[in-house]
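Secondary and tertiary structure notes
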Amino acid sequence: MTVRTTGPAVSGGPLLLGVRHHGPGSARAVLAALDSARPRAVLVEGPPEGDALLPLAADERMRPPVALLAHAVDDPGRAAFWPLADFSPEWVAIRWALAHQVPVRFMDLPAAHTLAMTEQPAGRPEETAVDPIGVLAATAGYDDPERWWEDVVEHRAPDGAPADPQAPFAALAEAMTALREAYGDGGQPRDAVREAHMRIQLRTARKEFGDDIAVVCGAWHVPALATRTTLAADRALLKGIPKVRTELTWVPWTHRRLARYSGYGAGIDSPGWYGHLFGVRDRPVERWMTKVAGMLRDEDRPVSSAHVIESVRLAVTLAAVRDRPFPGLAEVTDAVRAVMCEGSDVPLALVHARLVVGETLGEVPDTAPAVPLQRDLTRQQRTLRLRPEARERELGLDLRKDSDAARSRLLHRLRLLGVGWGEPAAGRAGTGTFRESWRLRWEPELSVRIAEAGVWGTTVLSAATARAESEAVSATALAEVTALAERCLLAGLTEALPVVMKALADLAALDADVGRLADALPALARSLRYGDVRSTDTAALGEVAVGLAERICVALPPACTHLDADGAAELRHRVDGVHTAVGLLAGAVPADGLRERWAEVLRKLSARDTVTGVIRGRATRLLLDEGRLAEEEAARLIGLALSPGTPPADAAAWIEGFVGGASGGGMLLVHDERLLGLVDAWLTGVPADLFTDVLPLLRRTFSAYEAGVRRTLGELVRRGSAHEAARGADPAGAPGFGAGLDEERADAVVPVLRLLLGLDHGATGATTR
């Protein structure tokens with residue numbers, strides 16, 4: 001097979017245009033070469049199953065970046081993308097062919113084989129282990145492949161196409177031929193199979209159109225396509241490769257996902273910058289600086305026209321000093337940092353994220369094929385005015401409004417389906433109030449998740465319902481079902497609730513482990529509160545929740561005895577969760593006497609010697625906060641816990657339960673100096689040989705306090721107010737002072753004072769004045 005990479009198409013075989021994927025210089029060169037050669041057909045690297053989708057590229061509603069998405073019909077999670085930006089050479093070739101009514105086809109290995117041969121497909125399948133651009137850059141003495149590519153290709157003719165449209169491709173073909181001779185398949189054996197299929201497709205096209213064909217493919221493949229082989233040899237390479245049923249469609253893509261750091265193998269570092277170079281034909285540096293200035297002004301940065309002018313001058317000067325043909329990204333970035341950002345990398349990071357990488361999200365017309373679930377989601381996004389965006393944004397919802405409640409249900413249903421378009425904002429969503437806060441960001445990979453979720457139903461509601469019912473039936477742990485019930489209420493899946501409730505009742509009846517019951521109760525209590533907010537019937541859920549609470553009240557006290565440190569800490573958190581849940585239940589469902597029965601459980605836990613110290617301390621604190629503990633009784637329990645007869649380790653554990661963690665125990669000590677005095681007196685009385693044993697526990701207890709609380713406690717102890725309170729000093733006296741002068745302690749500071757005042761002439765470093 002005779003092919004060529006330069007010269008008129010009619011004289012030397014098909015025209016092979018080797019490109020760099022997503023290279024604006026390559027894209028301009030391809031456009032110039034096609035305008036010059038005017039081929040009868042165009043072949044583009046990509047999956048042939050996408051040929052039927054190519055006409056959509058001419059639709060005015062198709063706005064790059066977009067990607068061909070291929071997924072296995074029987075396993076939608078097995079998928080691959082072929083992204084295209086407006087500066088991608090393949091996209092330019094496709095649009096040129098459609099505009100000139102020239103047949104255009106994909107010629108790479110079919111996606112049916114690509115997906116079957118790939119265990120976990122992610123990204124474009126044409127990349128090799130060897131980075132050709134990196135090797136060529138290193139050979140030319142560059143330590144940065146991007147900089148070399150800009151100097152050689154992007155800035156060779158920044159104001160238009162090169163004088164000879166074929167020259168760039170001839171040079172790249174020669175370089176790639178040398179690389180293939182040195183590196184063979186570049187560490188990617190599958191390339192041989194792909195290139196065999198490309199050659200077969202090329203032969204087929206030549207039979208139909210002759211040699212007047214243009215081929216746009218990765219420059220790495222050009223030497224393989226120019227190699228003389230037989231049809232039988234190429235078919236032998238394709239024999240026996242696996243195959244799966246596939247479906248393809250166009251999906252929106254983002255500039256951020258084109259960036260190399262996103263994990264996409266054929267990515268580039270600066271898609272926003274490359275898009276600018278491709279779209280701006282004249283004065284690209286000046287226009288870029290203007291764009292940067294506008295963005296910084298939108299962020300309230302004081303940037304003037306003088307900044308723009310000086311930034312352009314500096315970028316041009318840097319390019320001359322660095323012996324570059326034209327200012328590149330490095331030069332404009334350095335100029336922006338020095339002039340517009342005043343040397344700060346903070347606003348420069350914003351420039352990089354917003355402009356250098358970019359946050360552009362492509363669009364795909366409604367006529368593109370899509371799974372029914374995707375169509376339903378698109379319809380709801382438009383109805384609810386929830387436009388997918390590449391940039392992360394905050395969304396606040398008031399659940400009393402019908403539109404916001406519908407948005408909340410949609411986002412929760414998608415989360416249940418594994419489509420993480422929205423994530424509840426930390427610390428605000430899930431509180432059971434009338435407000436929710438979400439963080440939204442649309443990622444291209446969500447299209448795959450939607451295709452996967454399509455097995456559950458054709459609409460978001462039906463799919464989420466089916467998924468919830470399936471999880472309820474297959475659940476083996478009570479906490480799983482209670483969490484699922486909570487999610488169903490959030491998502492408004494009323495049809496799934498009966499199945500979930502049956503599974504919940506069955507597991508609750510069989511589960512006798514108080515720990516698992518305690519883990520399950522908080523989610524049920526929250527669910528009841530959500531139901532109240534969303535006007536959902538939760539009567540059945542309330543009955544199960546109250547039943548669980550009653551069983552916990554009976555089984556918890558025996559379970560809290562004779563525990564090791566880890567078991568005690570775990571159960572202490574469960575006690576907190578049950579306490580909060582009981583409070584929610586008492587206000588949400590008929591539960592006569594539930595609060596009183598739980599308070600009695602806490603009294604048992606606080607008074608039993610066999611209960612570990614951390615739980616006794618926590619139970620005492622919960623009773624005190626609830627106002628269910630008389631002052632005398634509280635003093636008695638605290639005195640017993642911190643008495644000299646209590647082992648120091650047990651006393652330290654009690655203190656952790658009583659005032660530890662983020663429970664506000666620090667402020668309790670600040671405002672109750674008598675309690676602080678008891679703790680301080682106990683601490684100073686711990687024998688020296690036992691102090692190191694209790695120190696780690698005490699550090700864990702007090703390190704959780706805020707810095708201001710710790711500082712105040714230290715000041716109180718330093719002044720002696722804690723000891724004073726412990727001794728029962730006169731409250732009318734000034735805080736921090738004892739009843740009289742301690743002469744022995746006062747005499748101890750005399751030598752230091754004499755040294756500071758210079759009264760001891762013989763002391764080292766002392767002075768007489």
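Below is a short write-up of the structure. (Residues numbered from 1 in each chain as written. Predicted model: local features only at pLDDT ≥ 70, side-chain atom pairs only at ≥ 80, totals over all residues. Heavy atoms only, no water.)

1. Quick look at the overall build of the protein
Counting its secondary structure elements, the protein contains 35 helices and ten strands. If you take every contact in the protein between residues at least 6 apart in sequence, the share linking residues at least 24 apart comes to 75%. Counting every atom, the protein has about 35,300 Å² of accessible surface; 53% of that belongs to carbon and sulfur. (Helix = DSSP H or I, 4+ residues; strand = E, 2+ residues; numbered from the N terminus. Contact = heavy atoms within 4.5 Å. Areas by Shrake-Rupley, 256 points an atom, 1.4 Å probe, with all protein chains shown as cover.)

2. Topic: the environment of Leu-115
Its place among the elements puts Leu-115 in helix H3 (residues 111–117). For the pair Leu-115 and Val-244, spaced 129 residues apart in the sequence, the C-alpha separation amounts to 7.1 Å.

3. With respect to the packing of helix H17 (residues 402–416) against helix H20 (residues 478–491)
At a minimum axis distance of 7 Å, the contact between H17 and H20 shows a crossing angle of 145°. In this structure, H17 contributes Ser-408, Arg-409, His-412, Arg-413, Arg-415 and Leu-416 to the contact, and H20 contributes Leu-484, Arg-487, Leu-490 and Ala-491. (Axes fitted to C-alpha atoms, helices over the stretch in contact; angles between N-to-C directions.)

4. Some thoughts on the sheet that holds strand E3 (residues 66–72)
Strands sit in the order E4-E3-E7 across an open sheet of three strands; the sheet is antiparallel. Strand pairing shows two members of the sheet lacking a second neighbour, strand E4 (79–84) and strand E7 (246–252), which therefore form its edges. With strand direction ignored, the average angle separating the axes of adjacent strands in the sheet is 20°. Where E3 lies against E4, six bridges are found, and the strand directions are antiparallel. Within E4, the residue paired with Leu-68 across the bridge is Trp-82. (Pairing = 2+ DSSP bridges.)

5. Digging into the pattern of salt bridges
As enumerated under the stated definition, the model contains 45 salt bridges in all. The closest approach of N and O atoms between Lys-502 and Asp-506, which form a salt bridge, is 3.1 Å. In this pair, Lys-502 and Asp-506 are both assigned in helix H21 (residues 497–510), four residues apart and thus about one turn of the helix distant. Residue classification places Asp-506 among the partly exposed residues on the basis of a relative accessible area of 39%. One salt bridge in this structure joins Arg-597 and Glu-550, with 2.4 Å as the shortest N-O distance. One end of the pair, Arg-597, is in helix H25 (residues 594–607); the other, Glu-550, is in helix H23 (residues 539–559), with 47 residues separating them in the sequence. If you follow the salt bridges from partner to partner, you end up with Arg-322, Arg-324, Glu-331, Asp-334, Arg-337 and Asp-345 in one network. (Salt bridge = Lys/Arg side-chain N within 4 Å of Asp/Glu carboxyl O. Buried < 20%, exposed > 50% of the residue type's maximum accessible area, 1.4 Å probe, protein only.)

6. Overview of H17
In this model H17 runs 21 Å from its N-terminal to its C-terminal C-alpha over 15 residues, within 8% of the 21 Å that 1.5 Å per residue would give. When you tally the buried positions in H17, you get eleven out of 15 residues, the bulk of the element. Considering only its buried residues, H17 is in contact with helix H16 (372–383), strand E8 (393–398), strand E9 (422–424), strand E10 (435–440), helix H19 (460–474) and H20. One or two positions beyond H17, positive phi appears at Gly-418, with a value near 85°. (Expected span 1.5 Å × (residues − 1).)

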